[in-house]
Structure formats: C-alpha cells, structure tokens
Amino acid sequence: MAPFQGKYQHYKNENIEDYFVAVGVPYIGRKMMAMSSPLMEITFDGENMTIKNSSLLRTVEHKFKIGEEYEEHMPNTVIKSVTTIVNDNEIMTNSVIPENQAKCGRHYLFTDDECIITLTHEKANTPGKRYFRRVKE
C-alpha cells in the first residue's frame, strides 16, 4: 500500500487545457494554472482528510470527512463534492456543479513515488492529468 499522507510536488500536466475549458476557466486563468507547479499536502485526522495545494498564485485547502458531502470554493463557483477511498492506493472525488448539474471528478492514484490525479468533466473530450512526485522528508 502506498500511503496517501504526505507532500507531493507537481511536475507535469497532460491534456489539461481541454479540462480547464470544459470547467469554464477563462483563458488567462487556464494559462496561469497550467504553468503553476503547486505543492500538494495530504493529511488525515481520524476520518477527516485535508488536501492543501499551495503555489505562487494561491493556496487552496479542503477539509472534509471521508464519504460525506462538502463544498469546494472555486474561483467562479462552489461545487458539491464527496471523497471516498477506493482501495489501498486510490481516492476518488465526485463533484456536481450546482448551476448546471455538470458532473466532474478527480481520481488520485498513489504509488510509493508519486500521485497522478486524473481530472474528468462530462463536457471535456479527454481527461486531464496532473503528475506529482512524492517529497521525501
């Protein structure tokens, strides 16, 4: 089992532009987000999980209870999400955008060395991927 907890440094994207367009991120925001290289930190406290992404642009922190609905505050909307543990090395976040009921998600796949996040949106032609290397402390 690859432990979820830890720090991960972003190092590359794959097909991220189509995902950002589908989600409705404006052009300048898309370019800035695609070029950013955030540090992601995942921590657990009992059944509660925190995922924190920090970059030069901003810091976003989501605290939630596994399996329960929570709100994620995005730059242009608030989405309803539920995060579940799929198995020993996978986490899944399923979300709905209330304004249009569009479904999107994040699938986290962990190995001993990295975390690959696959971003999906029902209007995106292809899923986007963000790759993070585990930071050895």
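Notes on the structure in this doc start here. These numbers come from a predicted model, not from an experiment. Along every chain, residues carry numbers that run from 1 in the direction the sequence is written. This being a predicted model, a pLDDT of at least 70 is required before a residue's local features are given, and a value of 80 or more before pairs of side-chain atoms are given or counted; all residues contribute to the totals for chains, interfaces and linings. The basis for every side-chain value is the complete set of heavy atoms in the structure, and neither hydrogens nor water enter the calculation.

### Describing the pattern of salt bridges
(1) Moving on: Salt bridge, as applied in this entry: a Lys or Arg side-chain nitrogen positioned within 4 Å of an Asp or Glu carboxyl oxygen. Applying the stated criterion across every chain yields a total of 7 salt bridges.
(2) Moving on: Between K80 and E71 there is a salt bridge whose closest N-O contact spans 2.9 Å.
(3) Moving on: R106 is the salt-bridge partner of E72, the closest N and O atoms lying 3.0 Å from each other. Residue E72 is located in strand β5 (residues 70-73), and its partner R106 is located in strand β8 (residues 102-110); the two are separated by 34 residues in the primary sequence.
(4) Moving on: The buried label applies to any residue whose accessible area, calculated with a 1.4 Å probe on protein chains only, is under 20% of its type's maximum; exposed applies above 50%, and partly exposed to all values in between. Note on E72: relative accessible area 1%, which makes it buried. The secondary structure listing takes helices from DSSP runs of H or I that are at least 4 residues long and strands from runs of E that are at least 2 residues long, numbered from the N terminus.

### With respect to the pairing of strand β6 (residues 78-87)
(1) Moving on: Pairs of strands are assigned from DSSP output, requiring at least two bridges between the strands. Across 4 bridges, the pairing between β5 and β6 is antiparallel. Each residue of the ladder has a partner; that of Y70, found in β6, is S81.
(2) Moving on: One ladder, built from 7 bridges, connects β6 with strand β7 (residues 90-97); its direction is antiparallel. Within β7, the residue paired with S81 across the bridge is S95.
(3) Moving on: Taking the residues between adjacent antiparallel strands as the criterion, β6 and β7 are bridged by 2 residues.

### Here we look at unusual backbone geometry
(1) Moving on: Even without a glycine there, the phi angle at N15 is positive, about 55°.
(2) Moving on: Along the chain, N15 turns up in the loop between β1 (6-14) and α1 (16-23).
(3) Moving on: Despite not being glycine, Q101 has its phi angle at roughly 60°, a positive value.
(4) Moving on: Tracing the chain through its elements places Q101 in the loop between β7 and β8.

### Describing the packing of aromatic side chains
(1) Moving on: Stacked, edge-to-face and tilted labels apply to pairs of Phe, Tyr and Trp rings (six-membered ring for Trp) whose centres lie within 6.5 Å, assigned for plane angles under 30 degrees, over 60, and everything in between, in that order. If you walk through the whole model with that rule in mind, you get 7 aromatic pairs.
(2) Moving on: Aromatic rings pair up to connect F4, Y8, F44, Y108 and F110 into one cluster.
(3) Moving on: Geometry around Y131 places K12 over its ring, the cationic atom sitting 4.6 Å from the centre.
(4) Moving on: Just above the ring of Y11 sits the side chain of R133; from NZ or CZ to the centre is 3.7 Å. Throughout this description, the term charge over a ring refers to an Arg CZ or Lys NZ atom that lies within 6 Å of the ring centre and within 35 degrees of the ring normal.

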